[in-house]
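Structural characterization, general
The chain contents come next:
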Amino acid sequence: MRTHRLRLAGVVAAVLVAVTAPTAQAGHRDPTLADLAQRHGRYFGSATDNPELVDEPYKAVLGSEFDQITPGNGMKWYATEPQQGVFDFTKGDEIVDFARAHHQKVRGHTLVWHSQLPGWLTGKEWTADELRAVLKNHIQTEVRHYRGKVFAWDVVNEAFNEDGTWRDTVFYRTLGPGYIADALRWARQADPKVKLYLNDYNIETVGAKSDAYYALAKELKAQGVPLDGIGLQAHLALQYGYPTSLEENLRRFAKLGLDTALTEVDIRMILPATEEKLAQQAQWYADLTDACLAVRRCVGITVWDYTDKYSWIPAFFEGQGAALPWDEQLLPKPAYFAIRDALR
Ligand code: XIL
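Residue numbers here run from 1 along each chain, matching the order of that chain's written sequence. Only residues with pLDDT of 70 or above have their local features reported here, since the model is predicted, and side-chain atom pairs are shown and tallied only from 80 upward, although totals for entire chains, interfaces and linings are computed over all residues. Hydrogen atoms and water are omitted, and side-chain values are computed over all heavy atoms in the structure.

1. Some details on the overall build of the protein chain
- Helix numbering and strand numbering both begin at the N terminus, where a helix is a DSSP run of H or I of at least 4 residues and a strand a DSSP run of E of at least 2. When its secondary structure is counted, the protein chain shows 14 helices and 10 strands.
- The quantity called the radius of gyration is restricted to C-alpha atoms. Its globule counterpart is 2.2 Å times the number of residues to the power 0.38. In terms of C-alpha radius of gyration, the protein chain reaches 21 Å, essentially the compact-globule figure of 20 Å for 344 residues.
- The principal-axis extents of the C-alpha atoms in the protein chain amount to approximately 75 × 45 × 40 Å.
- Buried residues are those whose accessible area, probed at 1.4 Å on protein chains only, stays under 20% of the maximum for their type, while exposed residues exceed 50% and partly exposed ones sit between those limits. Within the protein chain, buried positions represent 53% of all 344 residues.

Now the structure itself:
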């Protein structure tokens, strides 16, 4: 009885392997997105979030297909300093531990941002001196905690408006534009080796907003402020058109001596998803992969989670979704195969 059941289990396992890995040859598996990206000296990553780390099938793909992880929320200010001066790194640490166990590098996200701030910070009027001290302490405590554990930080997130003017945040209002240089310098003091980035959305094309980053980066470089890269979030939407000047844009930042990365890629669509829309989405994923591979200093690509099951899009953009390369059942979509082909 016992051996019978064991034998049956063996047969079931063999069938499962045959079904789930149809192209795997005896003794070796298909290369992952990470394997393929590494052949170009790039990484291919995914964001993840703490509540998802109980989903075993989800974790199996997260841990095998990618060589880079970004915490979707766990390192944000509200999570890491819920009370002034009281730090809590448990969420970020959980994700760093997962990444380490799977030999993945981690992008730190994010130190200075107008969104997802704790109530103690937003609920009070600060003098410039007070806020400067609060900002410095937050940045340096968090960067020190993750020293040697993250390879890059999104130091400042979303500093500009669409027209290239400064976003009116508590930091800008209280401290003026110099808060950016200060933040970068404080981060550098706390970790001399980590790559320091500015990160934003809608800066994939050459245009007013990316021009603002170009001008700022040039100025910061000229002043000797530590800035290593520009992160292009790349939250794209089929209905707004593909950012055709992406490669040119990556190139101009490279010429300033900066790395670039596609940091939060997803390509949403108005639901329902049709075969046609999914094919167009696949083409866009391939195109942005090509663009990154074409520019040596584009160091890698991160999708903003990999499966529609955990995408932030449906909750934030009404009637839109299906933005990621794996569907809600964790099955690869045309986009996944298009990325593979582009990386080959
Ligand atoms: C999103 C997260 O994915 C959501 O879970 C959260 O509720 C809101 O923030 N730009 C960023 C990310 O830089 O931090 C945002 O992440 C998506 C937009």
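2. Let's talk about the site of the ligand
- Here a residue is considered near a molecule or strand provided that any single heavy atom belonging to it is located within 4 Å of it. Around the ligand sit 13 residues in total, of which Asn73, Lys76, His109, Glu264 and Trp304 are the nearest.
- N or O atoms within 3.5 Å of each other form a polar contact, as long as, within protein, one can give a hydrogen and the other can take it, and as long as residues adjacent in sequence are counted only when both atoms are side-chain atoms. For the ligand, an oxygen atom lies 2.7 Å from a polar atom in the side chain of lysine 76.
- All accessibility values rest on the Shrake-Rupley procedure with a 1.4 Å probe; residue burial counts only the protein chains present in the view. In isolation the ligand exposes 410 Å². Once the protein is present, 83% of that is buried.
- Residue composition of the shell around the ligand, by class: 4 nonpolar, 6 polar and 3 charged. Each residue gets one label: Ala, Val, Leu, Ile, Met, Phe, Trp, Tyr, Cys and Pro are nonpolar, Asp, Glu, Lys and Arg are charged, and the others, such as Gly, are polar.

3. Observations concerning the nonpolar core
- Counting residues in each nonpolar core, the largest one holds 96 residues, and the members touching the most others are Trp153, Leu198 and Ile230.
- By the convention used here, residues are in contact when the closest approach between their heavy atoms is within 4.5 Å. Among residues more than four places away in sequence, those in contact with isoleucine 230 are Tyr197, Leu198, Ile203, Tyr213, Ala217, Phe253, Leu258, Asp259, Thr260 and Ala261.
- In this description, a nonpolar core means a group of buried Ala, Val, Leu, Ile, Met, Phe, Trp, Tyr and Cys residues linked to one another through side-chain atoms lying within 4.5 Å. Counting residues in hydrophobic clusters, the runner-up holds 5 residues, among them Phe151, Ala152, Tyr197 and Ala261.

4. Considerations on the side chain of arginine 42
- Considering the arrangement of structural elements, one finds arginine 42 in the loop between α2 (33-38) and β1 (43-48).
- Residues scored as charged are limited to Lys and Arg (positive) and Asp and Glu (negative), so that His and the chain ends carry no count. Basic side-chain nitrogens of Lys or Arg form a salt bridge, by our definition, when they fall within 4 Å of a carboxyl oxygen of Asp or Glu. Despite its burial, arginine 42 pairs with no opposite charge, the nearest such side chain being aspartate 259 at 9.3 Å.
- Within the structure, arginine 42 has its side chain in polar contact with the backbone oxygen of valine 295 (distance 2.9 Å).
- Aside from chain neighbours lying at most four places away, what touches arginine 42 is Ala37, Asp67, Cys292, Leu293, Ala294, Val295, Arg296, Cys298, Val299 and Gly300.

5. Remarks on the pattern of salt bridges
- With the rule as written, the count across this model stands at 13 salt bridges.
- Across the salt bridge formed by aspartate 228 and arginine 188, the nearest N and O atoms sit 2.8 Å from each other. Taken together, the residues span a long stretch of sequence, with aspartate 228 in the loop between α10 (208-222) and β6 (229-232) and arginine 188 in helix α9 (residues 179-190) at a distance of 40 residues.
- A relative accessible area of 17% means that aspartate 228 is categorised as buried.
- Beyond isolated ion pairs, a larger network of salt bridges with shared partners links Glu162, Asp200 and Lys209.

6. Considering the environment of tyrosine 306
- In this fold, tyrosine 306 is placed in the loop between β9 (298-303) and α13 (313-316).
- C-alpha separation for the pair tyrosine 306 and leucine 330, spaced 24 residues apart in sequence, amounts to 8.7 Å.
- Setting aside anything within four residues of it in sequence, one finds tyrosine 306 in contact with Ser46, Pro57, Tyr58, Val61, Leu62, Phe66, Leu324, Pro325, Trp326 and Leu330.
- At 2.6 Å, the side chain of tyrosine 306 and the backbone oxygen of tyrosine 58 are in polar contact.

7. So, the environment of aspartate 228
- For the pair formed by aspartate 228 and serine 115, sequence separation is 113 residues and the distance between their alpha carbons is 23 Å.
- Excluding its chain neighbours within four sequence positions, the residues that come into contact with aspartate 228 are Arg188, Val194, Lys195, Leu196, Leu258 and Asp259.
- Side-chain polar atoms of aspartate 228 contact the backbone nitrogen of leucine 196, separated by 2.8 Å.

8. Focus on helix α5 (residues 90-101)
- Expected span of a helix: the number of residues minus one, times 1.5 Å. Under the 1.5 Å per step criterion, the end-to-end length of α5 is 16 Å for 12 residues, consistent within 8% with the ideal 16 Å.
- Among all positions in α5, only Gly92, Ile95, Val96, Phe98 and Ala99 are buried. Buried residues in α5, looked at end-on, bunch into an arc of 160°, giving them a common side. Along α5, the residues that are exposed and aim more than 90 degrees away from the buried face are Thr90, Arg100 and Ala101.
- Considering only its buried residues, α5 is in contact with β1, α3 (56-65), β2 (68-71) and β3 (105-112).
- The positive-phi residue at the C-terminal boundary of α5 is histidine 103, with phi of around 55°. Arc, as used here, means the arc of the directions from the helix axis to the C-beta atoms.

9. Some details on the packing of aromatic side chains
- Classification of ring pairs uses Phe, Tyr and Trp, with its six-membered ring standing for Trp, and accepts pairs whose centres are within 6.5 Å; under 30 degrees between planes counts as stacked, over 60 as edge-to-face, and the remaining range as tilted. Scanning all chains against the criterion turns up 23 aromatic pairs.
- Ring centres of tryptophan 120 and tryptophan 126 lie 6.1 Å apart, and the angle between their planes is 80°; this geometry places the pair in the edge-to-face category. In terms of burial, tryptophan 120 and tryptophan 126 fall into one category: buried.
- The interplanar angle of 85° and the centroid separation of 4.8 Å between the aromatic rings of phenylalanine 160 and tyrosine 213 together place this pair among those described as edge-to-face. Of this pair, phenylalanine 160 sits in the loop between β4 (152-157) and α8 (170-175) while tyrosine 213 sits in helix α10; the two residues are 53 residues apart in sequence, bridging distant segments of the chain. The pair formed by phenylalanine 160 and tyrosine 213 is uniform in burial state, with each residue classed as buried.
- Here the aromatic cluster, defined as three or more aromatic residues joined through ring pairs, consists of Phe44, Tyr58, Phe66, Tyr306, Tyr310, Trp326, Tyr336 and Phe337.

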